[in-house]
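Observations on chain architecture
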Amino acid sequence: MLRFLVAFVCVYAALEGLYFIVPDDFLRDVVYHCGIIAVGADIIRLITPEVPVAASANVLRSGALGLEVVRGCDGAGAAFLLIAAIASYPARLSRKLLGAAVAIALAYALNEIRLVGLFYLATRHEPWFLPVHIYFAPTLVIALSCVYFAWWAFAPVRRRAAV
Amino acid sequence: MLSAIGLWGGRYAIEVMIPPWMLAAETLGTSYIPVLKYKREAQGERLVMTALVTRPIYVRERIALPRGAFIDVSIDALHTLVPFVILLTVLAAWPVASFRQRARLLAAGLAAALGVSMLTTPALLAGRFDLMLIDYAAHTGTKYDTPGVVYWMIFCESGGLWLLPLLAAPLCAVVCARWERTRST
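Residues numbered from 1 in each chain as written. Chains lettered and ligands numbered in written order. Predicted model: local features only at pLDDT ≥ 70, side-chain atom pairs only at ≥ 80, totals over all residues. Heavy atoms only, no water.

1. Examining the overall build of chain A
Note the following rule: Helix and strand assignments follow DSSP, with helices taken as H or I runs no shorter than four residues and strands as E runs no shorter than two, numbered in order from the N terminus. The rule is simple: take the accessible area with a 1.4 Å probe, protein chains only, and divide by the maximum for that residue type; under 20% is buried, over 50% is exposed, in between is partly exposed.
Regarding its fold elements, chain A presents five helices and three strands. N-terminal to C-terminal, the α/β element order of chain A is α-α-β-β-β-α-α-α. Taking the principal axes of its C-alpha atoms as reference, chain A extends roughly 55 × 40 × 25 Å. Scored against the burial criterion, the 163 residues of chain A give a buried share of 44%.

2. Re the overall build of chain B
Definition in use: Surface exposure here means Shrake-Rupley accessible area, sampled with a 1.4 Å probe, where a residue is shielded only by the protein chains that are shown. Positive residues here are Lys and Arg, negative ones are Asp and Glu, while His and the chain termini are left out of the count. By convention, the charge on Lys lies at NZ, on Arg at CZ, on Asp at CG and on Glu at CD.
Summing up its helical and strand segments, chain B has four helices and five strands in all. Ordered by position in the sequence, the α and β elements of chain B form the string α-β-β-β-β-β-α-α-α. Structurally, chain B occupies a C-alpha span of about 65 × 35 × 25 Å along its principal axes. Going through the 185 residues of chain B one by one, you find that 47% of them count as buried. Total accessible area on chain B is roughly 9,400 Å²; 64% of this is exposed by carbon and sulfur atoms. Once the 17 positive and 12 negative side-chain charges of chain B are each reduced to a mean point, those two points are 9 Å apart.

3. Focus: the confidence of the model for chain A
Under the convention used in this document: Per-residue confidence from the predictor is reported as pLDDT, a score between 0 and 100.
Residues of chain A with pLDDT of at least 70 account for 98%, and the chain-wide mean is 89. No element of chain A has a lower mean pLDDT than helix α5 (residues 129–162) of chain A, at 85, and none a higher one than helix α4 (residues 93–124) of chain A, at 94.

4. As for the sheet that holds strand β3 (residues 65–68) of chain A
All names here are of chain A. This is how it is decided: Note on pairing: DSSP must find at least two bridges between two strands before they are called paired. Axis definition: a line fitted to C-alpha atoms, limited for helices to the stretch in contact. Angles are taken between N-to-C directions and run from 0 to 180 degrees. For this analysis, residues touch if any pair of their heavy atoms sits within 4.5 Å.
Across the sheet, which stays open at both edges, the three strands sit in the order β1-β2-β3 with antiparallel pairing between neighbours. Here the strands that pair on one side only, and so sit at the sheet edges, are β1 (54–56) and β3. The average angle at which neighbouring strand axes cross in this sheet is 25°, direction not considered. As judged from the three bridges shared by β1 and strand β2 (residues 59–62), these two strands associate in the antiparallel manner. Bridging from a neighbouring strand, S56 pairs with V59 of β2. Relative to the sheet, α4 contacts β2 and β3, its axis offset from that of β3 by approximately 155°.

5. Here's the deal with a nonpolar patch on the surface
Filter applied, for reference: Each patch is built from salt-bridge-free residues with over 30% relative accessible area, joining like charges within 9 Å and nonpolar side chains (Val, Leu, Ile, Met, Phe, Trp, Tyr) within 5 Å. A carboxyl oxygen of Asp or Glu within 4 Å of a side-chain nitrogen of Lys or Arg is what we treat as a salt bridge.
Together, F20 of chain A together with Y151 and I154 of chain B give the surface a local cluster of nonpolar side chains, amounting to about 300 Å² of exposed area. Inspection of the secondary structure puts I154 of chain B in helix α4 (residues 148–184). Accessibility expressed as a relative area gives 33% for I154 of chain B, which makes it partly exposed.

6. What to know about the pattern of salt bridges
Residue and element names in this part refer to chain A. Going through the model one piece at a time under the given rule, you end up with nine salt bridges over all chains. Residues R45 and D42 are paired through a salt bridge, measuring 2.8 Å at the closest nitrogen-oxygen approach. Of the two residues, R45 and D42 are both situated in helix α2 (residues 24–47); the distance of three residues between them amounts to about one turn of the helix. Taking relative accessible area as the criterion, R45 reaches 36% and is therefore assigned partly exposed. Assessed through its relative accessible area of 45%, D42 is described here as partly exposed.

7. Some thoughts on the interface of chain B and chain A
This is how it is decided: By buried area we mean how much accessible surface two parts lose on assembly, using a 1.4 Å probe and totalling the loss over both. We call two N or O atoms a polar contact when they sit within 3.5 Å, provided that within protein one can donate a hydrogen and the other can accept it, with sequence-adjacent residues counted only if both atoms are side-chain atoms.
If you look at the interface, chain B gives 29 residues, while chain A gives 21 residues. Roughly 2,100 Å² is buried in total at the junction of chain B and chain A, and carbon and sulfur atoms are behind 83% of that figure. Sorting the residues of chain B by area buried against chain A places S158, W162 and L163 of chain B first, and these three jointly supply 26% of that buried surface. Inspection of the region where chain B meets chain A yields zero salt bridges. Taken together, the connections running from chain B to chain A amount to two residue pairs in polar contact (both at pLDDT 80 or more).

8. Some remarks on the sheet that holds strand β1 (residues 32–41) of chain B
Residue and element names in this part refer to chain B. In spatial order, the strands read β1-β2-β5; together these three strands make up an open sheet with antiparallel pairing. Here the strands that pair on one side only, and so sit at the sheet edges, are β1 and β5 (70–76). The sheet shows a mean angle of 25° between the axes of neighbouring strands, taken without regard to direction. Strands β1 and β2 (44–53) of the sheet are contacted by helix α1 (residues 2–28), whose axis makes an angle of about 160° with β1.

Structure (structure tokens):
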């Protein structure tokens, strides 16, 4: 267990270190705009075509509202935690790679759901925006990430037990 | 469920935690005395640190903050509860054999939550104070050497608030399991 925790911290620190090397401009104009904001705007248009929404750099705009995605709000934290946990857990390399790929997809999907949800809260239920943004959403994302990791880590044990 | 408890009852937990946080914040700043209080404001409930400057703070030989100045910095109060909720959620789901083990684990979790919050909340406030000086230096075209607490604050904001409770939870389980083993032998 202690070996796992030490490896987990080291991998997480390495990922965070790499994350901070990425220039702000690149994150804002390429990753956040194309990968998060534009996709979020498309999802909102799909759900509510009557709501005017525009993706501008790292900001999701609708009328006077502007939701800005910055470092720490991009789902990278949850993805790094999952990748670090999967990389540190004893398993075959192929399982780790598959687990990490699914973890990235999961973190991305959860973050998009969070962003779209926050958009609707900000436009329709404004008093709930702040509690969900800083409290409920992060804890839910981490709880779901833990569930995924537990499922990934213990799936072979369950399979062996079933045989 | 823990999140909901925190939303409605978190205020009391925060008020209980203020004295130890204040103690920890005092060790982070040598030029000011921090006073922490819980405040309900227009933008929500906030944890406010009022720093009484006891020694003039210089930014490149120019006084940025004179002695006797009061500076307020604040963070969202709910934000301080995130590590508690994560830690206690993981411990509540941790597999144990008996109710007694669960109770022991949660007791260890409360102690760990205190430790984690002492490492995070005061640093978030002290980091904001120094960030204000960095902003001031940038406005005046000078440079303010970034103190370590600012880096720690950035670490906490960019995932540390999640990482620390996630590390503390299995450590609580290890400590409880070892304690049980030594008791049974």
